[in-house]
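Inside the fold
In case you want the letters, here they are:
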Amino acid sequence: MFEALGRFLFRRRKPLLVLTLLFAVLSGAYGVGVFGDMKPGGFEDPGSDSRKAAQIAERAFPQRAPDALVVYRDKTRTVDDPAFRKSVTETVQALPKSSVSGFSTFWMTKMPAQVSHDRHATYVAINLQGADDNAKEVSYKAIKDKLAAPGLETLRGGPVPTGHQASDEIGKDLGLAEGLSFPILFILLVIVFGGLAAASLPLFVGGLSILGSMAVLRVIAQLTDVSVFAMSLVTILGLAVAIDYGLLIVSRYREELERGHTGEQALSRTVATAGRTVVVSGTTVAVALAGMTFFPFGFLKSMAYGGVAAVVLSVFFSLIALPAVLGVLGTRVNALSLRRNKAPRQDGQGGWYRLAQGLMRRPAIVAVGTLAVLLALAVPFTRIEFGANDARQLPNSAEGRQVGNALDRDFDSDATKSIDSLLVLKGDATSPSRVPRSSPTPTGWPPPRARPARRSAAPPARTRASRSPSTGPRSPPRRATW
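Computed from a prediction, not measured in an experiment: that's the story for all the values here. (Residues numbered from 1 in each chain as written. Predicted model: local features only at pLDDT ≥ 70, side-chain atom pairs only at ≥ 80, totals over all residues. Heavy atoms only, no water.)

1. Some details on the pairing of strand E1 (residues 68–73)
Under the convention used in this document: Throughout, exposure labels follow a simple rule: accessible area from a 1.4 Å probe, protein chains only, divided by the maximum for the residue type, with under 20% read as buried, over 50% as exposed, and the rest as partly exposed. Numbering of helices and strands runs from the N terminus, with a helix taken as a DSSP run of H or I at least four residues long and a strand as a DSSP run of E at least two residues long. The rule for pairing is simple: two strands pair if DSSP sees at least two bridges between them.
Taken across its 6 residues, E1 has 6 buried, putting it largely inside the fold. Bridge count for E1 against strand E3 (residues 121–128) is 6 bridges, and the pairing is antiparallel. The residue of E3 that forms the bridge with Leu69 is Ala125. Summarising the sheet, E1 and strand E4 (residues 153–157) pair through 5 bridges and their orientation is antiparallel. Among the inter-strand pairings, Val70 is bridged to a residue of E4, identified as Arg156.

2. Here's the deal with unusual backbone geometry
We note that Lys110 has phi near 60 degrees; this positive angle belongs to a residue other than glycine. Considering the arrangement of structural elements, one finds Lys110 in the loop between helix H6 (106–109) and E3. Residue class for Lys110 comes out partly exposed when judged on its relative accessible area of 43%. In this structure, Arg119 is a non-glycine residue whose phi angle is positive, near 65 degrees. The exposure class of Arg119 is partly exposed, given its relative accessible area of 32%.

3. Looking at the packing of helix H9 (residues 196–221) against helix H12 (residues 298–319)
What counts is decided by this rule: A fitted line through C-alpha atoms serves as each axis, taken over the contacting stretch for helices, and the angle formed by two N-to-C directions is quoted from 0 to 180°. What sets the label is the angle itself: under 35 degrees gives roughly parallel, over 145 gives roughly antiparallel, 65 to 115 gives roughly perpendicular, and the rest give oblique. Whether a crossing is left-handed or right-handed is set by the direction in which the near helix is turned from the far one by less than a right angle, anticlockwise for left-handed and clockwise for right-handed. Any two residues having at least one pair of non-hydrogen atoms within 4.5 Å are treated as being in contact. Charged residues are taken to be Asp, Glu, Lys and Arg, nonpolar residues to be Ala, Val, Leu, Ile, Met, Phe, Trp, Tyr, Cys and Pro, and polar residues to be all remaining types, Gly included.
Axis separation between H9 and H12 bottoms out at 8 Å; the angle between their running directions is 140 degrees. Between H9 and H12, the crossing angle belongs to the class labelled oblique. Crossing geometry of H9 relative to H12 is assigned as right-handed. Contacts between H9 and H12 pair Val205, Leu208, Ser209, Gly212, Ser213, Val216, Leu217 and Ile220 from the former with Tyr305, Gly306, Ala309, Ala310, Leu313, Ser314, Phe317 and Ser318 from the latter. A per-class count over the contact of H9 with H12 returns 10 nonpolar, 6 polar and no charged.

4. Some words on the sheet that holds E1
Pairing is antiparallel across the open sheet formed by 4 strands, whose spatial order is E2-E3-E1-E4. Pairing within the sheet leaves two strands with one partner each, and these edge strands are strand E2 (100–104) and E4. For this sheet, the mean angle separating the axes of adjacent strands, direction not counted, is 20 degrees. In this structure, E2 lies alongside E3, joined through 4 bridges in antiparallel fashion. From the neighbouring strand, Phe103 faces E3, where its bridge partner is Ile126. This element, helix H5 (residues 82–93), spans E1, E2 and E3 of the sheet and lies at about 150 degrees to E1. Contacting E2, E3 and E4, helix H7 (residues 133–143) crosses the sheet at an angle of about 130 degrees to E3.

5. Some words on the side chain of Ser139
With respect to the helices, strands and loops of the structure, Ser139 is situated in helix H7. On the accessibility criterion, Ser139 (8% relative accessible area) is buried. Once residues lying within four places of it in the same chain are set aside, the contact partners of Ser139 are Ser99, Leu128 and Gln129.

6. Focus on the packing of aromatic side chains
Given two aromatic rings, one states the distance between the centres and the angle between the planes to describe the pair. Operational definition: Under the pairing criterion, centres of Phe, Tyr and Trp rings, with the six-membered ring standing for Trp, must be within 6.5 Å; the plane angle then separates stacked pairs below 30 degrees from edge-to-face pairs above 60, leaving the rest tilted. A positively charged side chain is recorded as over a ring if its NZ (Lys) or CZ (Arg) lies within 6 Å of the ring centre. The angle to the ring normal must also be within 35 degrees.
Under the definition given, this model contains 5 aromatic pairs. Between Phe23 and Phe317, the aromatic rings sit 5.3 Å apart at their centres with planes inclined by 50 degrees, giving tilted as the arrangement. Taken together, the residues span a long stretch of sequence, with Phe23 in helix H2 (residues 13–31) and Phe317 in helix H12 at a distance of 294 residues. The class of Phe23 is partly exposed, set by a relative accessible area of 33%. Relative to Phe317, the ring of Phe316 lies with its centre 5.3 Å away and its plane at 75 degrees, an arrangement referred to as edge-to-face. Looking at Phe316, the relative accessible area reads 45%, which means it is partly exposed. Three or more aromatic residues joined by ring pairs make a cluster, and in this case those are Phe23, Phe316 and Phe317. Directly above the aromatic system of Phe10 lies the positively charged group of Arg13, at a separation of 4.2 Å from the ring centroid. The positively charged end of Arg218 is found above the aromatic ring belonging to Tyr30, 4.6 Å away from the centroid.

7. Some remarks on the nonpolar core
For clarity, the cut-off: Take the buried Ala, Val, Leu, Ile, Met, Phe, Trp, Tyr and Cys residues and link them wherever side-chain atoms come within 4.5 Å; each set so joined is a nonpolar core.
Membership of the largest hydrophobic core comes to 62 residues, with the highest contact counts inside it found for Leu217, Met231, Val250, Leu326 and Val333. Mapped by element, the contributors of at least two residues to this core are helix H1 (2–11), H2, helix H8 (159–193), H9, helix H10 (230–258), helix H11 (263–290), H12 and helix H13 (321–329). Considering each element in turn, this core owes the most residues, 13 residues, to H10. Apart from the residues within four sequence positions on either side, Leu217 is in contact with Val34, Met38, Val226, Ala230, Met231, Val234, Tyr305 and Gly306. Among the nonpolar cores identified, the runner-up in size contains 21 residues, and Ala68, Val79, Ile126 and Tyr140 belong to it.

8. Quick notes on the packing of H2 against H9
Between H2 and H9, the least distance of the axes is 8 Å, while the angle of their chain directions is 45 degrees. The angle between H2 and H9 falls in the class oblique. Judged by the twist between their axes, the crossing of H2 over H9 is left-handed. Taken together, the residues of H9 that come into contact with H2 (itself represented by Thr20, Leu21, Phe23, Ala24, Ser27, Gly28, Tyr30 and Gly31) are Phe204, Leu208, Leu211, Gly212, Met214, Ala215, Arg218 and Val219. Split by residue class, the contact of H2 with H9 holds 10 nonpolar, 5 polar and 1 charged.

9. Considering the confidence of the model for the protein
How we decide: Each residue carries a pLDDT score, the predictor's confidence in it, ranging from 0 to 100.
In the predicted model, the protein carries a mean pLDDT of 80, and 82% of its residues have values of at least 70. Within the protein, the lowest mean pLDDT, 38, falls on helix H17 (residues 450–457), and the highest, 94, falls on helix H15 (residues 363–378). With pLDDT under 50 throughout, residues 438–482 is counted as low confidence; its partners more than four residues away or in other chains account for 88 contacts.

10. Section: the pattern of salt bridges
Pairing between side chains of opposite charge can happen when their charged atoms approach one another. Operational definition: By definition, a salt bridge exists where a carboxyl oxygen of Asp or Glu is found within 4 Å of a side-chain nitrogen of Lys or Arg.
In the structure shown here, the tally under the stated rule is 13 salt bridges. Across the pair Arg156 and Asp145 runs a salt bridge, and its minimum N-O distance is 4.0 Å. Of the two residues, Arg156 is situated in strand E4 and Asp145 in the loop between H7 and E4; the sequence distance between them amounts to 11 residues. Its salt-bridge partner being Arg252, residue Glu256 comes within 2.8 Å of it at the nearest N-O pair. With Glu256 and Arg252 both in helix H10, this residue pair falls 4 residues apart, about one helical turn. Exposure remark for Glu256: the relative accessible area of 0% places this residue in the buried category. It is possible to trace a salt-bridge network through shared partners that takes in Arg252, Glu256, Arg259 and Arg269.

In structure tokens:
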């Protein structure tokens with residue numbers, strides 16, 4: 001079957017090459033928009049009790065947790081300065097209601113937690129319009145350039161801005177990584193193949209795999225949530241696997257040509273041998289990566305989507321597009337050779353042959369030495385510390401990271417970090433019958449400022465929630481005693 005496929009590819013090599021180039025253009029044009037369709041989250045189990053409680057709380061108390069935190073700071077003035085207050089309040093009041101569903105400032109809540117220790121900074125908690133993370137990110141993009149207060153240093157952070165900044169950082173880092181890795185890999189391939197033409201072919205397959213995987217991920221993103229971290233795996237795995245398979249195909253084809261076979265014979269034998277190896281290897285890797293779809297976490301599923309797409313497309317292009325290119329090139333695959341001695345190398349010659357022979361003469365020493373190197377590389381893992389996905393994933397230069405550092409360093413609490421306890425009742429949570437007759441009425445509770453918020457939150461849910469510690473901008477300190 002593989003040998004017949006090789007003959008077919010040789011006879012239809014030019015149309016296949018044209019279709020390959022057309023696919024590269026279309027998939028690149030469509031796939032480049034994948035970054036806008038991806039989501040920064042995916043680290044929670046949708047079926048866990050904590051996630052179910054969060055969903056109930058989001059429905060019952062839409063304004064309970066801010067989507068964005070904006071820190072305003074002045075080196076000379078404090079929050080007690082009328083000019084400081086005017087600059088902040090006028091800025092947030094001018095935000096469009098189509099993008100902002102609510103906001104909370106220190107001058108509204110009078111909460112000390114919203115003011116820094118030196119009183120030279122405060123943060124504003126903002127809730128964005130939108131039913132999901134993507135919609136809220138759209139709302140944030142509409143106001144992010146309108147958050148700067150005149151005369152004050154402005155830093156934008158919180159869940160939605162941090163996720164948006166993380167997506168931008170990943171896009172920039174991937175572009176930088178690809179810009180550096182392609183030239184380095186090309187140099188290594190030139191050293192391996194000894195020629196420019198042959199060295200460029202595995203990179204050609206790698207580029208096709210990455211472009212195709214981006215298009216596939218964008219299609220999947222229209223159907224389900226896809227994490228931004230999937231693109232990292234697509235770039236790394238797609239390039240690595242494509243180069244690996246490309247090396248097998250190109251090397252075997254050149255060997256068949258050196259043995260005197262015609263272009264069609266060399267290609268059919270290459271696909272029948274190296275092509276079969278590529279299919280078996282790719283299937284194994286793809287099946288292993290597909291196992292991550294059984295995990296409930298969205299980012300692991302996204303890794304599976306991206307990994308499987310990259311591997312399957314690498315196999316496809318190594319088995320279809322690359323043989324078509326080889327069929328067109330023929331003996332010109334050895335063009336632009338950098339080696340002076342162009343005579344065919346006989347079996348049992350070359351540095352790689354001598355290295356393999358030397359390793360097989362001392363298998364025990366090689367095995368022990370390899371194990372020692374692997375153990376040395378694994379030593380740092382013994383001190384690994386796992387953490388949550390938050391602003392610490394960003395570099396120190398990112399505003400989201402600076403906001404997180406400022407809240408931890410200069411403020412008593414962070415409105416986005418809290419432990420919520422949720423109590424769901426069968427009846428009306430505001431009914432007087434919910435207060436036990438044997439318990440005295442709490443002194444001074446609820447506070448006057450809490451009454452309007454409680455009335456507005458009562459209709460959609462029969463729920464009571466408490467937050468510990470009281471860090472949210474809309475959760476006043478509970479000092480009442482029962």
